[in-house]
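Breakdown of the fold
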Amino acid sequence: MRMESMKKRRILVLLVLAAMAGSLSERASGGSITKKAWRTVRRVNKEGPYLGLVVPNSFELNPLLQSSNFVHSPRLPWILQLNAGISTQLLLTLFDVKGVVHFGIAGNANSDLQIGDVTIPRRWAHTGLWNWQRYGDGPNDELALEATGDYTRRIGYLNFSDYDAIKEGNLLNSVWYQPEEIFPVDGIPEVRQHAFWVSVNKNYYALSRNLEGLKLPQCINNTCLRRRAKVLRVENGCSANAFVDNAGYRQFLRNKFDVTPIDMESAAVALVCRQVRVPFIAFRALSDLAGGGSSESNEAAVFSSLAAQNAVDVVIEFVNLLH
């Protein structure tokens with residue numbers, strides 16, 4: 001596709017939707033990409049380099065498709081794949097991409113912010129890799145395989161008994177958060193590195209400061225937020241294969257890791273970009289309170305569409321700043 005700014009500048013963008021499958025997901029019997037798909041890739045790359053947009057699902061994509069800034073190029077195909085990490089890897093492997101912008105909605109762990117605000121974290125962590133400690137062991141007991149370098153106690157742990165009404169303890173004990181293993185393209189082959197926090201690109205992050213005064217809507221239909229939504233740069237965000245709708249875990253993530261947005265994809269995209277050394281940034285609009293809201297209302301059902309639109313509005317402005 002291409003996007004057109006207010007000044008009618010053409011910006012070539014490769015769009016990857018992490019929840020749908022398209023023509024390039026076809027595979028030959030041997031697992032390789034088909035000849036037809038390769039011809040498409042070569043044709044696309046002739047007009048590169050590109051900025052890659054990675055979107056979690058069609059709900060978060062639709063506001064972009066409906067925007068006047070979006071113009072579908074009849075000569076360039078849609079690139080649709082499964083899984084955020086795999087999609088990003090394929091995007092960077094097959095196409096001439098010089099930077100990745102990820103956007104969508106997220107839960108909010110920061111009580112200083114409100115639904116509708118768009119956050120730009122300085123770094124991301126994948127908080128879904130655990131070493132689940134056996135019953136009876138404590139914080140000072142060595143974890144399984146810790147001595148070989150596979151696991152660590154440096155990052156910290158969640159003790160389930162802290163949230164248990166039974167004072168005698170909890171058979172589930174503790175889970176220790178672990179960094180991911182990575183093999184950067186500029187590292188020593190077959191020598192692993194570890195990454196828990198992955199920082200976004202410094203230049204992208206500095207440029208995003210110009211978005212903080214952007215005016216965003218306050219109401220959707222007849223329902224309004226207590227104030228107009230804002231764009232804010234924050235310190236941390238985190239991702240895991242878990243939809244967080246629990247006040248206790250929300251508060252734990254905030255206290256332990258100082259995170260604001262909680263989602264399920266951004267860290268995967270960040271880790272892939274870290275491995276191949278491609279600039280990356282993520283924009284996440286807050287659509288719910290991750291379990292910290294009122295039990296009498298479902299704020300996600302009310303404000304998700306407003307948050308999705310806000311995320312798209314901010315991304316369009318960022319792309320215009322880049323070009």
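Here, the structure is the one placed above.
Numbering of residues starts from 1 in every chain and runs along the sequence as written. The model is predicted, so local features are restricted to residues of pLDDT at least 70 and side-chain atom pairs to those at 80 or more, both for listing and for counting; the totals for chains, interfaces and linings are taken over all residues. Here the side-chain values reflect all heavy atoms present in the structure, with hydrogen atoms and water set aside.

Here we take up the overall build of the protein chain. Runs of E in the DSSP output that reach at least two residues are strands. Runs of H or I that reach at least four are helices, and both are numbered from the N terminus. Across its full length, the protein chain carries 7 helices and 18 strands. Burial here depends on accessible area, computed with a 1.4 Å probe over protein chains only, as a share of the maximum for the residue type. Under 20% is buried, over 50% is exposed, and the range in between is partly exposed. Looking at the protein chain as a whole, 50% of its 323 residues qualify as buried. Throughout, a contact is declared for two residues whenever any of their heavy atoms are within 4.5 Å. Put simply, 78% of the contacts in the protein chain that link residues at least 6 apart link residues at least 24 apart. Each accessible area is a Shrake-Rupley result for a 1.4 Å probe, and residues are judged covered by the shown protein chains and nothing else. Working note: accessible area of the protein chain is about 15,900 Å², and carbon and sulfur atoms make up 50% of it.

Our next topic: the pattern of salt bridges. Take a side-chain nitrogen of Lys or Arg and a carboxyl oxygen of Asp or Glu: if they are within 4 Å of each other, that pair is a salt bridge. What the rule picks out here adds up to 12 salt bridges. Ionic pairing is found between Arg192 and Asp150, a salt bridge with its closest N-O pair at 2.9 Å. With Arg192 in the loop between strand 11 (180-182) and strand 12 (193-195) and Asp150 in the loop between strand 8 (130-132) and strand 9 (157-159), this pair connects stretches of sequence that are 42 residues apart. With its nearest N and O atoms 2.5 Å apart, the salt bridge here joins Glu181 to Arg192. Of this pair, Glu181 sits in strand 11 while Arg192 sits in the loop between strand 11 and strand 12, and the two are 11 residues apart along the sequence. For Glu181, a relative accessible area of 39% puts it in the partly exposed group.

Turning to the nonpolar core, a few remarks are in order. One finds Val100, Val101, Phe103, Phe280, Ile281 and Phe283 to be the most contacted residues of the largest nonpolar core, which totals 55 residues. With 9 residues, helix 7 (residues 299-322) is the single largest residue contributor to this core. Excluding residues within four positions of it along the chain, Val100 makes contact with Leu51, Gly52, Val54, Leu91, Leu92, Tyr204, Val269, Cys273, Val278, Pro279, Phe280 and Ile281. Residue types Ala, Val, Leu, Ile, Met, Phe, Trp, Tyr and Cys, when buried and joined through side-chain atoms within 4.5 Å, form a set referred to as a nonpolar core. Core analysis: the next-biggest nonpolar cluster, separate from the first, contains 15 residues, Ala109, Leu158, Phe196 and Cys238 among them.

On to the layout of surface pockets. Lining residues are defined by having an atom within 4 Å of a point belonging to a cavity or pocket. Those points lie on a 1 Å grid over the protein atoms alone, cavities being sets where a 1.4 Å probe fits but cannot get out and pockets being open sets with protein on both sides within 12 Å along at least five of seven lines. Grid points are joined across faces, edges and corners, and a volume is the space filled by probe spheres set on the points. If you add up the space inside the largest pocket, you get close to 330 Å³. In terms of lining, the largest pocket is formed by 20 residues, of which the most central are Gly85, His126, Ala267, Ala268 and Leu271. No other element matches the 5 residues that helix 6 (residues 266-276) contributes to the lining of the largest pocket. Here the residues of the lining of the largest pocket are counted per class, giving 10 nonpolar, 7 polar and 3 charged. In this structure, the second largest pocket is lined by 20 residues; those nearest its centre are Ile105, Ala106, Gly107, Phe243 and Met264. In this count, Pro and Cys sit with the nonpolar residues alongside Ala, Val, Leu, Ile, Met, Phe, Trp and Tyr, while Asp, Glu, Lys and Arg are called charged and the others, Gly among them, polar.

This part takes up the pairing of strand 16 (residues 231-239). Among the 9 residues of strand 16, 7 are classified as buried, and the element is accordingly described as predominantly covered. Pairing of strand 16 with strand 17 (residues 259-263), which is carried by 3 bridges, proceeds in the parallel orientation. Its bridge partner lying in strand 17, Asn236 is registered against Val259. Two strands qualify as a pair provided that DSSP identifies no fewer than 2 bridges between them.

Within the element layout of this structure, Gln193 appears in strand 12. Classification of Gln193 as partly exposed rests on a relative accessible area of 30%. Measuring from C-alpha to C-alpha, the distance between Gln193 and Pro179 comes to 9.4 Å, with 14 residues separating the pair along the chain. Here Gln193 is in contact with Glu180, Glu181, Ile182, Pro184, Gly187 and Arg274, once residues within four sequence places are set aside.

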